[in-house]
Number of protein chains: 2
Amino acid sequence: MTDATRDIEALIELMARLPGLGPRSARRAVLHLIKKRGQVMAPLAQAMARVAETARECAVCGNIATADLCEICADDRRNTGEICVVEDVADLWAMERGQAYKGRYHVLGGTLSALDAVGPEELGIPRLVRRVTEEAAREVILALNATVDGQTTAHYIAEALDPTGAAVTTLARGVPVGGELDYLDDGTIQAALRARKAF
Amino acid sequence: MTDATRDIEALIELMARLPGLGPRSARRAVLHLIKKRGQVMAPLAQAMARVAETARECAVCGNIATADLCEICADDRRNTGEICVVEDVADLWAMERGQAYKGRYHVLGGTLSALDAVGPEELGIPRLVRRVTEEAAREVILALNATVDGQTTAHYIAEALDPTGAAVTTLARGVPVGGELDYLDDGTIQAALRARKAF
């Protein structure tokens, strides 16, 4: 085995660690990269090196940043009185794509999990409570996933925020826009019916 | 949008071009990389840059190489009298994993396709014919995929090799090792029955 093959094997192994890629799809991806090494592979390697060097966590909200503050926390036009709690940066991005929220965020980085030894400290919940008090936030929106873990974590946060006096809200449950009733699960139908509104 | 976000967006866009990843899974992969930027992202960027710089095509067989000759063509212990024709480097790797073949290869880089304007010249078929003559190869094994395109290409190559006098063979068709009849397609069952052997 020459150095070259070892380099390629090492690259495949690293690629296979990415979520959504296994050993087989990592091989395919690497072959594709080698075929397009000029147009895709070299730019990708550069982009990756650049992000690896500059990316870090926002000291305030946990979002991805390149300075101490992320661009949302550093943006004066975002409302300071509202904090939206999300599980992950991917959820923050999803909220931002919605373009409906003008406040700031708190990224938990996961959910409470006794099994994985993830407690309130790991998710920065005491830090969130301090921040809500210090910034005198009016409202904390719990935008956690509608899973058992997400909802357990939401309940814990709501209780922890009780002394701060901030209004704690959560995203509405119902039929997704464009959703067909026939394809929805029973839980969503029940939630949508319970939260029905005057037409 | 700061430079940082632009860098991350650019990285997601490049990742989304990989086979097996779409925009959504590219976002997930990039988030994962940023979270593990020390252990995974920086080494991956380095490995990618190294391979992008060194990888090229073997001048003889079309395999991935770092010198003019790939390590199989440069290996004296590999039989020179046998050439195995494969569609892609991934297929060469699959043959090598089998550890049963001790000859050399010819990588086509695709199949004949009138629609995509891929002719014999693009697949290096004239070069293969010259090579078989020059090396006085005894046998050419057509290890093309059992698809319509693969088999059309195999027939074309077999005809082109006719004047060289080399024996042209192809991989056996039959029940895969560990395969259950109930899950096999009709074509495989028919091929396995037609090629049945004394027990």
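Residues numbered from 1 in each chain as written. Chains lettered and ligands numbered in written order. Predicted model: local features only at pLDDT ≥ 70, side-chain atom pairs only at ≥ 80, totals over all residues. Heavy atoms only, no water.

Participant: Explain the environment of Arg173(A) to me, and be specific about the residues and the numbers.
Facilitator: All names here are of chain A. Tracing the backbone shows Arg 173 in the loop between β6 (167-170) and α7 (186-194). With relative accessibility at 42%, the residue Arg 173 sits in the partly exposed group. Note: C-alpha distance between Arg 173 and Val 40 (133 residues apart in sequence) is 42 Å. Once you skip the residues sitting within four places of it in the chain, Arg 173 turns out to touch Ala 146, Gln 151, Ala 191 and Ala 195. (Helix = DSSP H or I, 4+ residues; strand = E, 2+ residues; numbered from the N terminus. Buried < 20%, exposed > 50% of the residue type's maximum accessible area, 1.4 Å probe, protein only. Contact = heavy atoms within 4.5 Å.)

Participant: Go over helix α6 (residues 148-161) of chain A, please, and point to the residues and values.
Facilitator: Residue and element names in this part refer to chain A. The end-to-end C-alpha distance of α6, which contains 14 residues, comes to 20 Å, matching closely the 20 Å that a straight helix rising 1.5 Å per residue would cover. Considered for burial, the residues of α6 that qualify are Gly 150, Thr 153, Ala 154, Ile 157 and Leu 161. Each buried residue of α6 sits inside an arc of 105 degrees when the element is viewed along its axis, so together they form one side. Those residues of α6 that are exposed and angled more than 90 degrees off the buried face are Val 148, His 155 and Glu 159. Tucked into the core, α6 has its buried residues touching β3 (82-86), α5 (125-134), β5 (139-142) and β6. (Expected span 1.5 Å × (residues − 1). Arc of directions from axis to C-beta.)

Participant: Explain the side chain of Arg131(A) to me, using residue names and the numbers behind them.
Facilitator: Along the chain, Arg131(A) falls in helix α5. Excluding residues within four positions of it along the chain, Arg131(A) makes contact with Val60(A), Cys61(A), Ile83(A), Arg104(A), Tyr105(A), His106(A) and Ala136(A).

Participant: Explain the interface of chain B and chain A to me, using residue names and the numbers behind them.
Facilitator: Facing 48 residues of chain B, the contacting portion of chain A comprises 47 residues. Buried surface at the junction of chain B and chain A, both sides included, amounts to about 4,500 Å², of which 75% is carbon and sulfur. There are four salt bridges connecting chain B and chain A. The closest approach of N and O atoms between Lys35(B) and Asp88(A), which form a salt bridge, is 3.0 Å. Scanning the region where chain B abuts chain A turns up six residue pairs in polar contact (both at pLDDT 80 or more). At the level of elements, α1 (3-15), α2 (23-35), α3 (37-54), β1 (56-57) and α4 (89-98) of chain B are the ones that each hand at least two residues to the side of chain B that touches chain A. (Buried area = accessible area lost by both parts, 1.4 Å probe. Salt bridge = Lys/Arg side-chain N within 4 Å of Asp/Glu carboxyl O. Polar contact = N/O pair within 3.5 Å; in protein donor to acceptor, adjacent residues only side chain to side chain.)

Participant: For the relation of the copies chain B and chain A, give the residues involved together with the corresponding values.
Facilitator: Placing chain B over chain A gives an RMSD of 0.1 Å and needs a rotation angle of 180 degrees, together with 0.0 Å of translation along the axis. Both copies are brought into coincidence by an operation consistent with a two-fold rotation axis. Scanning chain B for the C-alpha nearest the rotation axis identifies Ala45(B), at a separation of 2.3 Å. Both copies contact each other with a shared surface, as 98% of the interface residues of chain B are interface residues in chain A too. (Least-squares fit on C-alpha atoms with pLDDT ≥ 70 in both.)

Participant: How would you sum up the nonpolar core? Please name residues and give values.
Facilitator: Leu11(A), Met15(A), Met48(A), Leu11(B), Met15(B) and Met48(B) are the most contacted members of the largest nonpolar core, which totals 79 residues. Dropping the residues within four chain positions of it, Leu11(B) is found in contact with Leu44(A), Ala47(A), Met48(A), Val51(A), Val30(B) and Met41(B). Residues Ile83(A), Leu128(A), Leu142(A) and Leu144(A) belong to the second largest nonpolar core, which totals 17 residues. (Core = buried A, V, L, I, M, F, W, Y, C linked by side-chain atoms within 4.5 Å.)

Participant: If you had to explain the packing of α5(A) against α6(A) to someone new, which residues and values would you point to?
Facilitator: Residue and element names in this part refer to chain A. Direction vectors running N to C along α5 and α6 enclose 40 degrees, while the axes themselves pass 10 Å from each other. It follows from the interaxial angle that α5 and α6 lie oblique. Seen from above, α5 lies across α6 with right-handed handedness. Note on element contacts: α6 touches α5 through Tyr 156, Ile 157, Ala 160 and Leu 161, opposite Ile 125, Leu 128, Val 129 and Val 132. (Axes fitted to C-alpha atoms, helices over the stretch in contact; angles between N-to-C directions. Parallel < 35°, antiparallel > 145°, perpendicular 65-115°, else oblique. Left-handed = near helix turned anticlockwise from the far one by under 90°.)

Participant: Tell me what's going on with the pairing of β6(A), and back it up with residues and numbers.
Facilitator: Residues and elements named next belong to chain A. Strand direction decides the pairing type here: β5 and β6, joined by four bridges, are parallel. Among the inter-strand pairings, Val 140 is bridged to a residue of β6, identified as Val 168. For the crossover from β5 across α6 to β6, the handedness is right-handed. (Pairing = 2+ DSSP bridges. Right-handed = clockwise from strand over helix to strand, strands pointing away.)

Participant: Give a description of the sheet that holds strand β4 (residues 104-107) of chain B that names residues and reports values.
Facilitator: Residue and element names in this part refer to chain B. An order of β4-β3-β5-β6 is seen for the four strands of this open sheet, with the pairing classed as parallel. The sheet is open, and its two borders are formed by β4 and β6 (167-170), each paired with just one other strand. Adjacent strand axes in the sheet meet at a mean angle of 25 degrees when their direction is disregarded. Here strand β3 (residues 82-86) pairs with β4 via four bridges, running parallel. Across the sheet, the residue bridging to Cys 84 is Tyr 105, located in β4. Packing against the sheet, α4 makes contact with β3 and β4, and its axis sits at approximately 160 degrees to β4. This element, helix α6 (residues 148-161), spans β3, β5 (139-142) and β6 of the sheet and lies at about 170 degrees to β5.

Participant: Explain α3(B) residue by residue, including any values.
Facilitator: Taking 1.5 Å of rise per residue, 18 residues should cover 26 Å, and α3(B) covers 24 Å from first to last C-alpha, within 8% of that figure. Here α3(B) has its buried residues at Val40(B), Met41(B), Leu44(B), Ala45(B), Ala47(B), Met48(B), Val51(B) and Ala52(B).

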